[in-house]
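Close look at the chain arrangement
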Amino acid sequence: MHRRLQWLLALNLFLFVLFSLGVMTTPPFLTTMDEWGMKTTADSDDQTTIQIARFFSTVTSYKVCLTTGFIVSFIFIYLNKYRTSFFILLGAACSKFISAGLKDFFSRERPLVDSFVSVNGGAFPSAHMIYAVFLTGSLFILFSVYLKRTGRGIFLLGGFLVVGMVGWSRVHLGAHYISDVLGGFFIGFVWLLVMDLLSQKKISNDVRRKDS
C-alpha cells in the first residue's frame, strides 16, 4: 500500500514540476490550452452558472478547509489515532502557506478578463484546488475507516467530481487558467499524500517490531 502511495506521490510531483516549467516558459501547448479554457469556460454571463461556480469556490476556501481539518482531526483523536489526527490538522493548516509560497515564487499574472470574484496574489497554482484536494482527501481518509471497498470507490468518485467542479468554477469565474487549476490539483495531491504517508509511518514501524 505504501509503495503504491509513493509512486502516486512521485507521479503527481513530476506533473506539478512539468506544469511549473510550462508556466515559466509558456510553451505553445500550454498557451493554447489556457486560451481554449478561457473561451469555452469563462465566456459566459449566465447568473445561475455564476452562482453555482461561486458556491463551489466558497465551500473550498481556506476557512472551510481548516475547519474541516479540525473536525476530522478531533474525530481521529476520538478513534485513538493521534498521529493521523496531528498530520491531518497540520496539513490543513499549512496548505495556505504552501499555496502562498508557490504563488509568490511563480508570480504568474491572473487571466486578463473581468473576474466575478475578488482575487489576491498570483495565479499559479490555484489555492482553492489545493484546499479542495486536501479537504476531500482528509474526508476520504476518515470515511475509509468505516466504508468497505465499494463505498470507498463511490466516495472517491464523488470526491473527484467535487474537485473537478471546483476547478471548473475557478476558470469560469475568471480567477485562473486551466494550468493553474491542474497545478493546484497536482501539488495538493502531493501534500495530501505526504501527510498520509507520515501519519502511517509509526504504524508501519510498530508492525515491523512486532514481526521481529
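The protein chain carries the name PAP2 family protein in an unreviewed UniProt entry, which gives Halobacillus trueperi as its organism.

A closer look at the overall build of the protein chain
Along the backbone of the protein chain there are 8 helices and 0 strands. Scanning the protein chain from its N terminus toward the C terminus, one meets helices and strands in the order α-α-α-α-α-α-α-α. For the protein chain, the C-alpha radius of gyration of 18 Å lies close to 17 Å, the compact-globule estimate for 212 residues. Across its three principal axes, the protein chain shows a C-alpha extent of roughly 60 × 35 × 30 Å. Considering the protein chain as a whole, with its 212 residues, one finds that 44% of them fall into the buried category. Taking the contacts inside the protein chain whose residues are at least 6 apart along the sequence as the reference set, 80% of them involve residues at least 24 apart. A total of about 11,900 Å² of accessible surface is found on the protein chain, and carbon and sulfur atoms cover 67% of it. Separation between the mean location of the 20 positive side-chain charges and that of the 12 negative ones in the protein chain comes to 17 Å.

A short note on a nonpolar patch on the surface
Together, Leu13, Val17, Leu21, Met24 and Phe105 make up a nonpolar patch on the protein surface, roughly 490 Å² of accessible area in all. Sort the elements by how many residues they give to the nonpolar patch and helix α1 (residues 2–25) lands first, with 4 residues. Topologically, leucine 21 is positioned in helix α1.

Brief notes about the UniProt feature "transmembrane region" (unreviewed entry) in the protein chain
UniProt tags residues 7–30, 61–79, 86–106, 126–147, 154–171 and 177–199 as "transmembrane region" (unreviewed entry). Summarising residues 7–30: 92% helix, 0% strand, and an end-to-end C-alpha distance of 25 Å. Overall, residues 61–79 shows 89% helix and 0% strand. The separation of its end C-alpha atoms is 27 Å.

Thoughts on unusual backbone geometry
Trans is the common state for peptide bonds, and a negative phi is the common state for residues other than glycine. A cis geometry characterises the amide bond from phenylalanine 124 onward to proline 125, with omega recorded as -10 degrees. Within the secondary structure, proline 125 sits in the loop between α5 (82–106) and α6 (127–143). Although it is not a glycine, asparagine 80 adopts a positive phi angle of roughly 65 degrees. Backbone geometry places serine 107, a non-glycine residue, at a positive phi of 50 degrees. Mapped onto the secondary structure, serine 107 falls in the loop between α5 and α6.

Overview of the side chain of arginine 110
When you line up the elements, arginine 110 lands in the loop between α5 and α6. Summary of buried charges: arginine 110 has no salt-bridge partner, and the nearest side chain of opposite charge, aspartate 180, is 6.4 Å away. A distance of 3.2 Å separates a polar atom in the side chain of arginine 110 from a polar atom in the side chain of histidine 176.

Some remarks on the packing of helix α4 (residues 62–78) against α6
Here α4 crosses α6 at 15 degrees, and the two axes come no closer than 9 Å. The orientation of α4 relative to α6 falls into the category roughly parallel. Regarding α4 and α6, the two cross each other, and that crossing is left-handed. In contact with Tyr62, Val64, Cys65, Thr68, Val72, Ile75 and Phe76 of α4, α6 contributes Tyr131, Phe134, Leu135, Ser138, Leu139, Ile141 and Leu142. Here the contact of α4 with α6 is composed, by residue class, of 12 nonpolar, 2 polar and no charged.

What about the packing of aromatic side chains?
The relative placement of two aromatic rings is captured by the distance of their centres and the angle of their planes. Evaluation of the coordinates by the stated rule reveals 14 aromatic pairs. Between phenylalanine 185 and phenylalanine 189 the ring centres are 5.8 Å apart and the planes differ by 55 degrees, which places this aromatic pair in the tilted class. Here phenylalanine 185 and its partner phenylalanine 189 are both found in helix α8 (residues 178–211), 4 residues apart, which amounts to about one turn of the helix. Across this residue pair, the class does not change: phenylalanine 185 and phenylalanine 189 are buried. Through a chain of ring-to-ring contacts, the aromatic side chains of Phe19, Phe160, Phe185, Phe186 and Phe189 assemble into a single cluster.

Cut-offs applied
Residues numbered from 1 in each chain as written. Predicted model: local features only at pLDDT ≥ 70, side-chain atom pairs only at ≥ 80, totals over all residues. Heavy atoms only, no water. Helix = DSSP H or I, 4+ residues; strand = E, 2+ residues; numbered from the N terminus. Rg over C-alpha atoms; globule rule 2.2 N^0.38 Å. Buried < 20%, exposed > 50% of the residue type's maximum accessible area, 1.4 Å probe, protein only. Contact = heavy atoms within 4.5 Å. Areas by Shrake-Rupley, 256 points an atom, 1.4 Å probe, with all protein chains shown as cover. Lys, Arg positive; Asp, Glu negative; His and termini not counted. Charge placed at Lys NZ, Arg CZ, Asp CG, Glu CD. Patch = residues over 30% accessible without salt bridge, like charges linked within 9 Å, V, L, I, M, F, W, Y side chains within 5 Å. Salt bridge = Lys/Arg side-chain N within 4 Å of Asp/Glu carboxyl O. UniProt positions renumbered as here; feature names shortened; annotations may be inferred. Polar contact = N/O pair within 3.5 Å; in protein donor to acceptor, adjacent residues only side chain to side chain. Axes fitted to C-alpha atoms, helices over the stretch in contact; angles between N-to-C directions. Parallel < 35°, antiparallel > 145°, perpendicular 65-115°, else oblique. Left-handed = near helix turned anticlockwise from the far one by under 90°. Nonpolar A, V, L, I, M, F, W, Y, C, P; charged D, E, K, R; others polar. Phe/Tyr/Trp six-rings, centres within 6.5 Å; stacked < 30°, edge-to-face > 60°.

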